[in-house]
Amino acid sequence: MHLSLRLLSNRHPSFIARTVFVQNNDIDNACRLINRIMGKEGLLAQYRLTRYYEKPFQTRRRVNHEKCKAIYNEDMERKIQFVLRKNRHEPFPGCY
Amino acid sequence: MITALRNSVRASVTSVVRLFQTSTPQATEKFVHKRIPAPDEGVQGEKIIDLDSALKTKQNLFPTLESDYQLYNGIPYKDLPICNIRVSHNNTIFTLTEPDGKVRIIRSCGMEGFKNTKKGTNIAAQTTGITIATKAVVQGYNTVRVRVQGLGPGRLSAVKGLQMGGLNIVSITDNTHVSWNPPRARKARRL
């Protein structure tokens, strides 16, 4: 009991990190904003990962998949940006 | 002449055929492979909201050095009562405390009358939020700051229930315990 309390203790000062003020009583937006920020930072994914133990072979599998996905996404982004490059005097060629 | 006719018919047929030709066939089924992890559903708002426009508005969204002393209903922010919401997959527990942490009101979905799996729903969280908000208003608390812990069905609806019950929510903090070197968790469930 004492050990778990120590592990779960709130050592950091409260209401500074991961805090969003509510504007115009719009709590839906505030909730979505904080979820979006936390999702982008990877906190929610980490929480879901550590809920159950992930065996080392599962970790390796996931990490390799993420690496492949990152490579693919990067290459796809480069291709899209290349294809979107244009310098036309007529913006819609062939259209009336 | 007949060959010319035949050629013209053939040409028109092929052009008609080309009109009805569809684009390259797309895979309709989702690709499922045991070695590739399934995408998780996520939390409401995890991917949607337009972050850049929200941040560009010149409002005070995040705490600053001075925001601790900002007055809300005559009370500085650091002296506002706190509503802790502990969200789990099976239940939602609300706790209204003084700013120093002393607990005043505790409500949970079980206390509302929900049993077993029904406690772990967003409706239960909302109902419990309304109840605790009405109790708090009766006891004299109108403006609170909210601290949410955990991921679960009641995460958004709990805060919504608090507002519906009449409490004025000033800020939402997320205090979910996230660790990058936690003690070894229990083994994964095999369903």
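Residues numbered from 1 in each chain as written. Chains lettered and ligands numbered in written order. Predicted model: local features only at pLDDT ≥ 70, side-chain atom pairs only at ≥ 80, totals over all residues. Heavy atoms only, no water.

The name recorded for chain B in an unreviewed UniProt entry is 28S ribosomal protein S11, mitochondrial, from Bombyx mandarina. Turning to chain B, the UniProt record has this under Sequence similarities (unreviewed entry): "Belongs to the universal ribosomal protein uS11 family." (UniProt positions renumbered as here; feature names shortened; annotations may be inferred.)

Under an unreviewed UniProt entry, the name given to chain A is 28S ribosomal protein S21, mitochondrial, and the source organism is Bombyx mandarina. Quoted verbatim from the Sequence similarities (unreviewed entry) field of the UniProt record, the comment on chain A reads "Belongs to the bacterial ribosomal protein bS21 family."

So, the interface of chain A and chain B: which residues are in play, and what are the values?
The interface is formed by 39 residues belonging to chain A together with 55 residues belonging to chain B. Approximately 4800 Å² of surface area, both sides summed, lies buried where chain A meets chain B, with 61% of it carried by carbon and sulfur atoms. The tally of links from chain A across to chain B stands at one salt bridge. Salt-bridge contacts for Arg18(A) lead to Asp174(B); the nearest nitrogen and oxygen are separated by 3.5 Å. (Contact = heavy atoms within 4.5 Å. Buried area = accessible area lost by both parts, 1.4 Å probe. Salt bridge = Lys/Arg side-chain N within 4 Å of Asp/Glu carboxyl O.)

Give a description of the environment of Asn84(B) that names residues and reports values.
All names here are of chain B. Within the element layout of this structure, Asn-84 appears in strand E3 (residues 82-87). For Asn-84 and Asp-174, which are 90 residues apart along the polypeptide, the C-alpha to C-alpha distance reads 9.9 Å. If we skip the residues at most four places from it in the chain, Asn-84 touches Ile-93, Phe-94, Thr-95, Thr-97 and Arg-147. A distance of 2.8 Å separates the side chain of Asn-84 from the side chain of Arg-147, its partner in a polar contact. (Helix = DSSP H or I, 4+ residues; strand = E, 2+ residues; numbered from the N terminus. Polar contact = N/O pair within 3.5 Å; in protein donor to acceptor, adjacent residues only side chain to side chain.)

Could you give an account of the pairing of E3(B), with specific residues and numbers?
Residues and elements named next belong to chain B. As defined by bridge partners, E3 adjoins strand E4 (residues 92-97) across six bridges and the pair is classed as antiparallel. Within the sheet, the bridge partner assigned to Val-87 lies in E4 and is Thr-92. Where E3 meets strand E6 (residues 143-149), five bridges bridge the pair, whose relative direction is parallel. The partner of Arg-86 across the bridge, within E6, is Gln-149. (Pairing = 2+ DSSP bridges.)

Just give me the short version of the packing of helix H4 (residues 122-139) of chain B against helix H5 (residues 155-164) of chain B, but keep the residues and values in it.
The relative placement of two packed helices is expressed as an angle between their axes plus a distance between the axes. All names here are of chain B. Between H4 and H5, the least distance of the axes is 7 Å, while the angle of their chain directions is 35 degrees. For H4 against H5, the interelement crossing comes out right-handed. Side by side, H4 and H5 meet where Asn-122, Ala-125, Gln-126, Gly-129, Ile-130, Ile-132 and Ala-133 of the first sit next to Ser-157, Ala-158, Gly-161, Leu-162 and Met-164 of the second. Here the contact of H4 with H5 is built from residues that sort into seven nonpolar, five polar and no charged. (Axes fitted to C-alpha atoms, helices over the stretch in contact; angles between N-to-C directions. Left-handed = near helix turned anticlockwise from the far one by under 90°. Nonpolar A, V, L, I, M, F, W, Y, C, P; charged D, E, K, R; others polar.)

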